[in-house]
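Fold and geometry: a report
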Amino acid sequence: MVYRLYKENDLYPRAIITKRRETVRGICVRDDYKIALHVMKRDDIFGNAVYHELPGGGVDSGENEEKALEREIREELGWRGTTIRLLSEVWDFYTPIRQENHTMYYLFRLKEPLGERNLQSIGDLLIEKTVFVTPQEAIELYKNQEDSPIGNLVRERELHLLEALVAADRFGL
């Protein structure tokens, strides 16, 4: 089952949306059933915040979602792997920059560490570190992170998915 969430966020003042961004994110599972979770740190138009976020990023022109996710995982984590299945679609809004995001969330199996990460985008520079935690630990990290508009938005779009997968015991791949 694919979950769909259309989140009209009230975390930022309303603005006219002028651009749309197609993105992909992965719940990236290693052989030990731990998942990758970025610790993000920023001080910009979105505020001063430290929060958690699943790996992923923008779909480049000419790429399909699965190839984009494979590329993002190589860049951000330094791993090669396989997309297992689509889990969720989320629409949300980064109103400070007048952007609508359409994000496809996938279950992704990490197979082979490649070594160094190859951080490419401005967003990648916000990654303070990446941790591998159990799905339940990831849920607790989201629930206990500091309140900030951007952190709360990311938590709202990702926490429900992790909770649903844990409840359905869907991490066994």
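From a predicted model like this one, the values you see are computed outputs, not experimental measurements.

Considerations on the side chain of E53
- Structurally, E53 is set in strand 4 (residues 47-53).
- Note on E53: relative accessible area 5%, which makes it buried.
- Within the structure, E53 has its side chain in polar contact with the side chain of R25 (distance 3.3 Å).
- Excluding anything up to four places from it in sequence, E53 contacts R25, L37, H38, M40, Y94, Y142, V154, R157 and E158.

Brief notes about the packing of aromatic side chains
- Throughout the structure, instances matching the rule amount to one aromatic pair.
- Pairing W79 with F132 gives two aromatic rings, centres 6.3 Å apart and planes at 50°, and the pair type is tilted. Of this pair, W79 sits in strand 6 (residues 79-94) while F132 is found in strand 8 (residues 127-133), placing the two residues 53 residues apart along the sequence.
- Of the residues examined, F132 reaches a relative accessible area of 23% and is grouped as partly exposed.

Topic: the pairing of strand 3 (residues 35-44)
- By the criterion of burial, strand 3 is predominantly enclosed, with seven of the 10 residues buried.
- Note: strand 3 against strand 8, six bridges, orientation antiparallel. Bridge assignment links M40 to a residue of strand 8, and that residue is I127.
- Pairing analysis gives seven bridges linking strand 3 to strand 4, with the strands arranged antiparallel. If you follow H38 over to strand 4, its bridge partner there is E53.
- Between strand 3 and strand 4, which pair antiparallel and follow one another directly, the connecting turn spans two residues.

The rules we used
Within any chain, residue numbers begin from 1 and follow the written order of that chain's sequence. Totals for whole chains, interfaces and linings use all residues, but because this is a predicted model, local features are given only for residues with pLDDT of at least 70 and pairs of side-chain atoms are given and counted only at 80 or more. Remark: hydrogens and water are excluded; side-chain values derive from all non-hydrogen atoms of the structure. Under the scheme used here, helices are H or I runs from DSSP no shorter than 4 residues and strands are E runs no shorter than 2 residues, and both carry numbers assigned from the N terminus. Note on exposure labels: buried denotes an accessible area under 20% of the residue type's maximum, exposed denotes more than 50%, and partly exposed covers the range between, all computed with a 1.4 Å probe on protein chains only. Pairs of N or O atoms are called polar contacts if they sit within 3.5 Å, as long as, within protein, a hydrogen donor faces a hydrogen acceptor (for residues adjacent in sequence, only side-chain-to-side-chain pairs). Should any heavy atoms of two residues lie within 4.5 Å, those residues are counted as being in contact. Here is the rule: rings of Phe, Tyr and Trp (six-membered ring for Trp) pair when centre to centre is within 6.5 Å. Planes less than 30 degrees apart are stacked, more than 60 are edge-to-face, and the remainder are tilted. Pairing between strands is defined by DSSP: at least two bridges between them are needed.

Fair warning: the whole summary comes from geometry, so function is off the table for now.
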